[in-house]
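# Examining the three-dimensional arrangement
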Amino acid sequence: MQVLSSPKTLKKLVALLRKKNKSIGFVPTMGSLHEGHLTLAKKSIQENNFTIASIFVNPLQFGPREDFKRYPRHLIRDKKLLREAGVDALFLPDADEFYPKDFQTTVSLSRLSQPLCGKSRPGHFSGVATVIMKLLNLTSPDRLYLGLKDYQQCRVVEQMVEDMGLSVLVCRVPIAREKDGLAMSSRNIYLSSQERAEAVILSRALSRARDFIRLGQRNVGFIKREILQTLRSASLARVDYAEIVNARTLESVVKLQKGDEVVVALAVYFSKTRLIDNLTMSVG
Ligand code: AMP
């Protein structure tokens, strides 16, 4: 696996691959890798001639009171995991080179960045869109792999690709979960043992919502109340949001109707750790 840190060297490599007509898959991450990240990498390896992964804890997407400084970093282990998975190249940008002093361009989406995580993390999705836009320009991939764990992020990037006419196919990858159902996340290591035990409540609440919808419940207010009640059964959980939204626009849905594509989305704090999870469904 080649490890590159300079955007210039990366562009040279990409030009060479293009000359050889190799298809490129790209997997952006912030490192501290787990099975969820590796699923994305493996899918890219299957579907492309060459896979580039990146590890970059992007300062632009962290708020001033968020965990940028303490975000887990495990570079040696991460490199080994990517190499063993079969990733061809790893881009490890240096923050000062990636965002030089006179860097001043940002990408922001007026609507998709507002609801759900956008409410408690102002500026977050602009940070995400900006870094992904730059990474896409540097890697020129045929396919970009994103996890559905960050559903709003997927929609933001898909919309940006559509709006800006970028020539990349966005591939959504299902959520990888621990045995008890907790969605894998680099932030799970922040949880105390009691918090970790209680964190399973997010996936339980989602399953309960799915069961209600499958059994014909169409009243969103009712389902949301049931979700909240389930979440509150965990003594350490503090709910940020529990919403049912249109899967494309992320606007709130009041009543479910046949054929609706919806997302049940949750964000729950355990102490300072904010966990997210979601479930996408079509209403039958
Ligand atoms: P991150 O390192 O958290 O920025 O995540 C990098 C990519 O991995 C994003 O596309 C995430 O959505 C994806 N990802 C993170 N956790 C999971 C998971 N549990 N299942 C599937 N994809 C995930």
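Remember, predicted model here, so these are calculated numbers, not experimental data. (Residues numbered from 1 in each chain as written. Predicted model: local features only at pLDDT ≥ 70, side-chain atom pairs only at ≥ 80, totals over all residues. Heavy atoms only, no water.)

### Here we look at the overall build of the chain
The helix and strand inventory of the chain stands at ten helices and nine strands. Taken over the C-alpha atoms alone, the chain extends approximately 55 × 40 × 40 Å along its principal axes. Counting every position in the chain, which comprises 284 residues, the buried fraction comes to 54%. For the chain, long-range pairs separated by at least 24 residues make up 73% of all intrachain contacts whose partners lie at least 6 apart in sequence. Only carbon and sulfur atoms are counted for the fraction: they give 50% of the accessible area of the chain, which is about 14,200 Å². Here the chain carries 44 positive and 28 negative side-chain charges, and the mean point of each set is 1 Å from the other. (Helix = DSSP H or I, 4+ residues; strand = E, 2+ residues; numbered from the N terminus. Buried < 20%, exposed > 50% of the residue type's maximum accessible area, 1.4 Å probe, protein only. Contact = heavy atoms within 4.5 Å. Areas by Shrake-Rupley, 256 points an atom, 1.4 Å probe, with all protein chains shown as cover. Lys, Arg positive; Asp, Glu negative; His and termini not counted. Charge placed at Lys NZ, Arg CZ, Asp CG, Glu CD.)

### A few points about the site of the ligand
In the region of the ligand, 16 residues are neighbours, and M30, H37, D150, A176 and M184 sit closest. Backbone polar atom of M30 to an oxygen atom of the ligand: 2.9 Å apart, as the coordinates give it. Separating an oxygen atom of the ligand from a side-chain N or O atom of D150 is a distance of 2.6 Å. Starting from 480 Å² of accessible surface for the ligand in isolation, the protein chains cover 93%. Secondary-structure elements contributing two or more residues to the shell around the ligand are β2 (24-29), α2 (35-47) and β5 (143-147). Sort the elements by how many residues they give to the shell around the ligand and α2 lands first, with three residues. (Near = heavy atom within 4 Å. Polar contact = N/O pair within 3.5 Å; in protein donor to acceptor, adjacent residues only side chain to side chain.)

### Details of the packing of helix α1 (residues 7-19) against helix α6 (residues 124-139)
Close contact between α1 and α6 brings their axes to 8 Å; oriented N to C, the two are set at 50 degrees. On the basis of the axis angle, α1 is oblique to α6. Residues P7, L10, K11 and V14 of α1 form the contact with α6, whose participating residues are N137, L138 and T139. Grouping the constituent residues of the contact of α1 with α6 by class yields four nonpolar, two polar and one charged. (Axes fitted to C-alpha atoms, helices over the stretch in contact; angles between N-to-C directions. Parallel < 35°, antiparallel > 145°, perpendicular 65-115°, else oblique. Nonpolar A, V, L, I, M, F, W, Y, C, P; charged D, E, K, R; others polar.)

### Some thoughts on the domain arrangement of the chain
The domains assigned to the chain are domain 1 (2-173) and domain 2 (186-282). Put simply, the middle of domain 1 and the middle of domain 2, counted by C-alpha atoms, are 26 Å apart. Contact residues are listed per partner, giving 24 residues for domain 1 and 19 residues for domain 2. Summing both partners gives a buried area of about 1,900 Å² for domain 1 against domain 2, and 52% of it is carried by carbon and sulfur. Looking at the side of domain 1 facing domain 2, the largest losses of area belong to R70, L116 and Y151, adding up to 32% of the total buried there. Taken together, the connections running from domain 1 to domain 2 amount to two salt bridges. The partner of E162 in a salt bridge is R248, and the shortest N-O contact between them spans 3.1 Å. Counting every contact that joins domain 1 to domain 2 gives 13 residue pairs in polar contact (both at pLDDT 80 or more). Elements with a minimum of two residues in the side of domain 1 that touches domain 2: α5 (117-120) and α7 (151-164). When residues of the side of domain 1 that touches domain 2 are assigned to their parent elements, the largest contribution, five residues, is made by α7. (Domains from an automatic or database assignment. Buried area = accessible area lost by both parts, 1.4 Å probe. Salt bridge = Lys/Arg side-chain N within 4 Å of Asp/Glu carboxyl O.)

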